[in-house]
Structures are given as structure tokens and as C-alpha cells.
Amino acid sequence: MLRSHLGALPSEIRHLCGLHFGWWNDDGVTLGTPPKGKFIRAALTLLACRSVGSEPNAAYPAATAVELLHNASLLHDDIIDGDLVRRGRPALWAAKGIPAALLAGDALFFASVQMLASSTEARRTTSALLAAAQTLIEGEYRDVLLESAAEAGERQVLSVAAGKTGELLACACELGAIAGGAQPERVSHLRSFGRNLGIAFQCADDIVGIWGDPAITGKPAYSDLRQRKLSMPVAVTMAGRTSQAQTLRALYSKKSPLSDEECKRAIGIIEQTDAREATLRKVRRHTADAVYSLSLAHPEPIPAAELTALANQLINRDR
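Position numbers for residues start from 1 in each chain and track the written sequence from start to end. Predicted model: local features are reported for residues with pLDDT of at least 70 only, side-chain atom pairs are reported and counted for 80 or more only, and whole-chain, interface and lining totals are derived from all residues. To obtain the side-chain values, all non-hydrogen atoms of the structure were used and water was disregarded.

Student: Is there a simple way to explain empty space enclosed by the protein in this structure?
Tutor: Any empty space left between atoms is shown by rolling a water-sized probe over those atoms. A cavity, in this analysis, means grid points on a 1 Å lattice covering only the protein atoms where a 1.4 Å probe fits yet has no way out; a pocket is instead an open set bounded by protein on both sides within 12 Å along at least five of seven lines, and a residue lines either one if it has an atom within 4 Å of a point. Grid points are joined across faces, edges and corners, and a volume is the space filled by probe spheres set on the points. Summed over the entire model, instances satisfying the criterion amount to one cavity of 30 Å³ or more. The volume enclosed by the largest cavity comes to roughly 40 Å³. In terms of lining residues, the largest cavity is bounded by L19, H20, R86, R89, P90, A91 and L92. Think of it this way: any DSSP run of H or I at least four residues long counts as a helix, any run of E at least two long counts as a strand, and we number them from the N terminus. Contributions of two or more residues to the lining of the largest cavity are made by α2 (11-21) and β2 (89-90). Side-chain classes follow a simple rule in which Ala, Val, Leu, Ile, Met, Phe, Trp, Tyr, Cys and Pro form the nonpolar group, Asp, Glu, Lys and Arg form the charged group, and the remainder, Gly included, forms the polar group. Broken down by class, the residue content of the lining of the largest cavity amounts to four nonpolar, one polar and two charged.

Student: Just to check I follow, could you spell out the state of the cysteines for this structure?
Tutor: Two cysteines form a disulfide when their sulfur atoms are joined by a covalent bond. Here, a disulfide means two cysteine sulfur atoms that sit within 2.5 Å of each other. Under the definition given, this model contains zero disulfides. C173 supplies the cysteine sulfur nearest to C49, a cysteine that is in no disulfide, at a spacing of 12 Å. Of the residues examined, C49 reaches a relative accessible area of 0% and is grouped as buried. The closest cysteine sulfur to the non-disulfide-bonded C173 is located on C171, 9.3 Å from its own sulfur. Its relative accessible area of 0% is what places C173 among the buried residues. For the exposure calls, accessible area comes from a 1.4 Å probe over protein chains only, and a residue counts as buried if that area is under 20% of its type's maximum, exposed if over 50%, partly exposed in between.

Student: How should I be thinking about the packing of helix α3 (residues 40-51) against helix α8 (residues 154-179) in this particular structure?
Tutor: Axes are the key here: two packed helices are described by the angle between their axes and the distance separating the axes. Axis geometry follows a simple rule: fit a line to the C-alpha atoms, using only the stretch in contact for helices, then measure angles between N-to-C directions, giving values from 0 to 180 degrees. Remark: α3 packs on α8, axes separated minimally by 7 Å, with the N-to-C direction vectors making an angle of 35°. Crossing handedness for the pair α3 and α8: right-handed. Taken together, the residues of α8 that come into contact with α3 (itself represented by R41, L44, T45, A48 and C49) are L168, L169, A172, C173, L175, G176, A177 and A179. Looking at the contact of α3 with α8, its residues break down into ten nonpolar, two polar and one charged. Crossing handedness is defined as follows: a turn of the near helix away from the far one that is anticlockwise and smaller than a right angle gives a left-handed crossing, while the clockwise case is right-handed. By definition, residues are in contact when any of their heavy atoms lie within 4.5 Å.

Student: Would you mind showing me how to read α2 here?
Tutor: One full turn of an α-helix is made of 3.6 residues, so residues set three or four places apart face in the same direction. Counted residue by residue, α2 has eight buried out of eleven residues, so it is predominantly covered. Of the residues making up α2, those classed as buried are I13, H15, L16, C17, G18, L19, H20 and F21. The positive-phi residue at the C-terminal boundary of α2 is G22, with phi of around 80°.

Student: Help me understand the pattern of salt bridges, please; the structure alone is not making it clear to me.
Tutor: Pairing of side chains with opposite charge becomes possible as their charged atoms draw close. Whenever Lys or Arg places a side-chain nitrogen within 4 Å of a carboxyl oxygen from Asp or Glu, that contact is recorded as a salt bridge. What the rule picks out here adds up to 17 salt bridges. Ionic pairing is found between D77 and K164, a salt bridge with its closest N-O pair at 3.9 Å. Of the two residues, D77 is situated in helix α4 (residues 60-81) and K164 in helix α8; the sequence distance between them amounts to 87 residues. Note on accessibility: D77 and K164 belong to one class, buried. Several salt bridges converge on common partners, so that one network encompasses D77, E140, D143 and K164.

Student: Quick question: what am I supposed to make of the packing of aromatic side chains here?
Tutor: The relative placement of two aromatic rings is captured by the distance of their centres and the angle of their planes. In summary, the pairing rule links any two rings of Phe, Tyr or Trp, Trp by its six-membered ring, whose centres are within 6.5 Å, and it sorts them by plane angle into stacked for under 30 degrees, edge-to-face for over 60 and tilted for everything else. Evaluation of the coordinates by the stated rule reveals three aromatic pairs. When the ring of W23 is compared with that of W24, the centres are 5.9 Å apart and the planes differ by 70°; the resulting orientation is edge-to-face. As far as the burial class goes, W23 and W24 line up, both buried. With centroids separated by 5.2 Å and ring planes inclined at 65°, the aromatic side chains of F109 and F110 adopt a geometry described as edge-to-face. You can call F109 partly exposed: its relative accessible area is 22%. Note on F110: relative accessible area 56%, which makes it exposed. Linked through ring pairs, F21, W23 and W24 together constitute an aromatic cluster. Only when the NZ of Lys or the CZ of Arg is both within 6 Å of the ring centre and within 35 degrees of the ring normal is a charge said to sit over the ring. The ring centre of W211 lies 4.5 Å from the NZ or CZ of R276, which sits over that ring.

Student: Help me understand a nonpolar patch on the surface, please; the structure alone is not making it clear to me.
Tutor: Residues with no salt bridge and a relative accessible area higher than 30% make up the patches, which join like charges within 9 Å and nonpolar side chains (Val, Leu, Ile, Met, Phe, Trp, Tyr) within 5 Å. Computed with the Shrake-Rupley method and a 1.4 Å probe, the accessible areas treat only the protein chains shown as cover for residues. Where nonpolar side chains cluster on the molecular surface, the patch consists of I98, L102 and L103 and spans about 250 Å² of accessible area. Positionally, L102 belongs in helix α6 (residues 98-117). Judged by relative accessible area, which is 37%, L102 ranks as partly exposed.

Student: When you look at the environment of P56 in this model, what are you seeing that I'm missing?
Tutor: Tracing the backbone through its elements, the reader meets P56 in the loop between α3 and α4. Counting along the chain gives 123 residues from P56 to A179, while the straight-line C-alpha distance between them is 9.0 Å. Residue contacts for P56: discarding those within four places in its chain leaves L46, C49 and R50.

Student: Got a minute to help me understand the packing of α8 against helix α9 (residues 184-211) in this structure?
Tutor: At a minimum axis distance of 6 Å, the contact between α8 and α9 shows a crossing angle of 140°. For the element pair α8 and α9, the recorded crossing hand is right-handed. For the contact of α8 with α9, a count of residues per class yields 16 nonpolar, five polar and four charged.

If you want it as C-alpha cells, here you go:
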């Protein structure tokens, strides 16, 4: 459904979107290797729909819409963050330029809204999607402000995680529940499940961003540290007046990207503290909150088990 919906886009923009998704190369030749992509948000949407007792096909438009919104945000985030690689391939802005990536991101956003316009619950789902998009924009701007801050607290980093990753997963579950005909209280509990799972997922991703294997993550080594990203382990290390906090703040005060040696030094500093374990505690806490919210929604047993399994898979990736 994702690919057929984008088939209605104008040819040049469709080509850019296909490059981003990895469907074809720059010459338009279809690639034989299936593109990387977990479609986590679409899976959450379909499972949320099933969890309230409806067939998953009722949520196909919603699942497609949330994946389109997610990819729109990725295209813009890569430009803002200066990330050169996405899913093991050159980021679209790096391959085709910033204007092309901006316009492709805009096209995906409007395609996500259009996807819901003719759905059964068009008013409720479109309203939820647009609200999520506004929260995503706010979350991204907060992330930008953090990068220019002298230091950041754990609360600020968690706020960004909630506004970006948390909001997208919350929206996915909310749209699925609405598409399944759930009453507002069940929708709210499933949305809370997605939001807490998103925060846990982002904290786990922050750990992977520092200690993960590039061959598995698809990201260059030291990517987050090189760009002086204020991830949760970094924020925990910078807290207080310890020598480690002062040294890491001094490294992060540089105006240019960190070198390999400086990245290794930053990891050494972080590993002298409790930052990694403290971040893992946040992963566990928000995962527990997510599972509790799921139980309050009184989900159907099988999709509930699948949602729990998906949550565990997301937070227990290679560290």
C-alpha cells in the first residue's frame, strides 16, 4: 500500500522518494535486494487495531500514513543533523542535495495526510496525525536547541525523546486503536503504551549510538559522539560537578566535530561513570510503564502478547 500510494506522486518527486526507500537506484532500475527498514510504526498500528478486537485491514491506511510521516521526519532530520548515511545508504540530501530532500519530505508528509482523508475514521485519524506532526516539529526544534546548549539535563533529553520517538510510536498506536473503533479511554491507554515505549526505545538507541556495532546499526562508528549529540549517557555523565562531567563538557564545547581519538576519549570518560547503567534503568522503567498502560487497555490476548514481544525486541537490540 505504501508503494502504490506513492505511485500517484509526480514523477520526479516519486523518484526521490523511491531513492530514499531504496526501491530503485538513481537510474530508476529496481534494486534486487529488499530495502532495509523495520516498519516498526506500521506494525504497532496494525497490532493496536487487533488489540481492540478489529481485523488489521481496518488499519492499513493508518499504518501507511504513520510510516509516511516517519519517513518525512527522517528526510528532514538527516538534513538538520548533517547525517550522511541512512539505512546503510547515502542519505537523500547527501546524494541529491538539500532542496530535493526537503521537497521529498514535504511530499511524504502531505501524502500521509492524504492517505487518511478517505478512511473510515478520517476526522479522528487525520486530527491525531496532524497533532503528532506538530509535536514532532517541536521535538526536533528542542533537539536543535540542545545541540547549542552548554550542557543539558536528563529531563531535557527525555523531553526530546518523548517529543520525537515517543510521539511517533504513540501516534502509531493511537491511529491503530481509532481505526479499530476503540473508545477514547482505550485509545488513550494504547497511546500511552506507544509513548513510553518510544522513550524506552530512544534511550536504548542512545546506548547503541555509542557502543553499537556499525555493521549492525548501519551508522558510521562514533556518529553520535562525533556530532556532539546530547544523548542520555552524555547527559547523565555531564550532570553534577565531577571531573568526568567537566572533561566531557570541555570536549563537547568544541565547535567542530570530534575526531576519532576524541570520540574514544569521550567513551572512556562516560565509562568511568554510571551513565550506561543509568540509561538502562530508564529503558526498563519506561518499558514497565508501557506494559502497564497496555494492560489498562484490556487488549485481546494474542495481539497483547505480540505487542509485548515487539517492545522487548526494540529495547533489547545489540548493545
